[in-house]
Amino acid sequence: MSKKVFEGLKIIDFGWAIAGPLTLKYLADYGATVVCIESSQRPDLLRTATPYKDEIPGVDRAGYFAYFAANKYSITLNLNKPEGLEIARSLISWADVVADSHRPGVMERWKLGYEDIVKIKPDILMIRNSNQGLTGPAATHPGLGNHINGLAGIVNCVGWPEQEPISLMVAYSDYLVPHFAAAALIGALDYRRKTGKGQLLDISQFEVGLQLLSPAIVNYTCNGTEEKAKGNSCDFAAPHGVFKCKGDDRWCTISIFDDTGWQSFCNATGNTEWIAIPEFSTLANRKTNEATLNNLIGQWTKDRTPEEVMKILQQAGVAAGVVQNAKDLYNDIQLKERECFWVAGHKELGNFSYLGQPSRLSKNKAELFRVAPCLGEHTEYICHELLGIPEEQFDKYLLDGVFE
């Protein structure tokens, strides 16, 4: 078996929510050893999030956590005890990278900030994911990725015209940040390989989240135009929406950007008479009469399954796609071929599907090496095998509550 890209790379993760841990998943899946430091009082936040196996709550029964946590180790340490901090420092000395996604100031209170850990290991790399970065007047404001939806203006662009913004369930920055952070970390690793020097990587979720709003920011900068919610419509396409189809809560998206596409749509759907309607003859006219247009298209889609609609339109060169639910995604033949989901057993969850890797390297393959860890599952292994802590000392720590 060929050596994995990041085999031999050792990472300590103090992260506790999606953005930080998901960043390290990219490296763990390609062979890096990632040790997550948790405690019974401070488990990874996703361990407390639904859904739970059989709807029975428990830190080891959270599917949301397990989905992202394959190929990692878990150790529980009470960092409010001097002995717990001493073990953490030993792990830092062992590691190449320290990751953190707490609010700025938390690591410093433990004396584990960057200025502290470089005294332990001068060439250490530290990557810190926080809401608004480590510096500036708002750096210490608490919050999660969901709050960035509002702060970065994303919520302002979601919903229907002239109505209140819609609060989103998905914290977009939590899933965008890991791509930026992983790329930055790989660059820092390469820099250290060349120079022998470590460094601190300061990742602001707020600033990364702005990447999603780049067109809106440019439009305001150039024209003074403030982006507003438009529902499903698009300034340069009509129709552009999500249309009800046959079945329970089944939908299909359709987007047409020019007159050629409109003619193809009318021919494919057997509504050739629509081509001659003046209100729909040009993109500008279709935008003006968009509500009427959408109603007509909805009358055509409602008697067909979304798969039928997609097939008919795609064969005619019109952009269309099924709005897939979780069941659709899990059975998607394209995702199956790409091995998007890794299936394996778990002590509490049973047979479980883990998130795979969206990227494929031609000379190296991301794999499932170990299933998501139960809380503190590898504490004894890490202490004995990685740090060489004697059995007698380990037992004393255990009795003193160091591993709580």
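Our subject in this report is the structure included herewith. (Residues numbered from 1 in each chain as written. Predicted model: local features only at pLDDT ≥ 70, side-chain atom pairs only at ≥ 80, totals over all residues. Heavy atoms only, no water.)

**Let's talk about the overall build of the protein chain**
Secondary structure summary: the protein chain contains 17 helices and 11 strands in total. Along the longest, intermediate and shortest principal axes, the C-alpha atoms of the protein chain span 85 × 50 × 40 Å. Across the 404 residues in the protein chain, those meeting the buried criterion constitute 46%. As displayed, the protein chain offers around 20,500 Å² of accessible surface, 54% of which is attributable to carbon and sulfur atoms. Of the charged side chains in the protein chain, 40 are positive and 49 negative, and the gap between their average positions amounts to 4 Å. (Helix = DSSP H or I, 4+ residues; strand = E, 2+ residues; numbered from the N terminus. Buried < 20%, exposed > 50% of the residue type's maximum accessible area, 1.4 Å probe, protein only. Areas by Shrake-Rupley, 256 points an atom, 1.4 Å probe, with all protein chains shown as cover. Lys, Arg positive; Asp, Glu negative; His and termini not counted. Charge placed at Lys NZ, Arg CZ, Asp CG, Glu CD.)

**Brief notes about the pattern of salt bridges**
For the structure shown, the criterion picks out 23 salt bridges. Linking K25 and D29 is a salt bridge whose minimum nitrogen-to-oxygen distance equals 2.7 Å. The network of salt bridges with common partners includes E38, R47 and D60. (Salt bridge = Lys/Arg side-chain N within 4 Å of Asp/Glu carboxyl O.)

**Comments concerning the sheet that holds strand β2 (residues 33-38)**
If you walk across this open sheet you meet the 6 strands as β3-β2-β1-β4-β5-β6, and the pairing is parallel. Edge strands, defined here as strands with exactly one partner in the open sheet, are β3 (72-76) and β6 (199-204). Strand-to-strand, the axes of this sheet are offset by a mean angle of 20°, without reference to chain direction. Bridging between strand β4 (residues 97-100) and strand β5 (residues 125-130) involves 4 bridges; their strand directions are parallel. Within the sheet, the bridge partner assigned to A99 lies in β5 and is I127. In the packing of helix α16 (residues 379-386) onto the sheet, the strands contacted are β2 and β3, and the crossing angle to β3 comes to about 95°. (Pairing = 2+ DSSP bridges. Axes fitted to C-alpha atoms, helices over the stretch in contact; angles between N-to-C directions. Contact = heavy atoms within 4.5 Å.)

**Thoughts on the sheet that holds strand β9 (residues 319-322)**
As summarised here, the arrangement of the 3 strands in space is β7-β8-β9, forming an open sheet in which the pairing is antiparallel. Across the chains shown, the open sheet's two edge strands, defined by having one partner strand only, are β7 (240-244) and β9. On average, each strand axis in the sheet is tilted by 20° relative to the strand beside it, whichever way the strands run. Packing against the sheet, helix α12 (residues 290-301) makes contact with β7 and β8 (251-255), and its axis sits at approximately 40° to β7.

**Section: the pairing of β8**
Judged from the 5 bridges that link them, β7 and β8 form a sheet pairing that is antiparallel. Among the inter-strand pairings, V242 is bridged to a residue of β8, identified as T253. Two successive antiparallel strands, β7 and β8, enclose a turn made up of 6 residues, where G247 displays a positive phi of approximately 115°. Here β8 pairs with β9 via 4 bridges, running antiparallel. Considered in β9, the bridge of S255 is made with A319.

**Brief notes about the environment of T135**
The residue T135 is located in the loop between β5 and α6 (145-151) in this model. With 57 residues separating them along the chain, T135 and N78 place their C-alpha atoms 28 Å apart.

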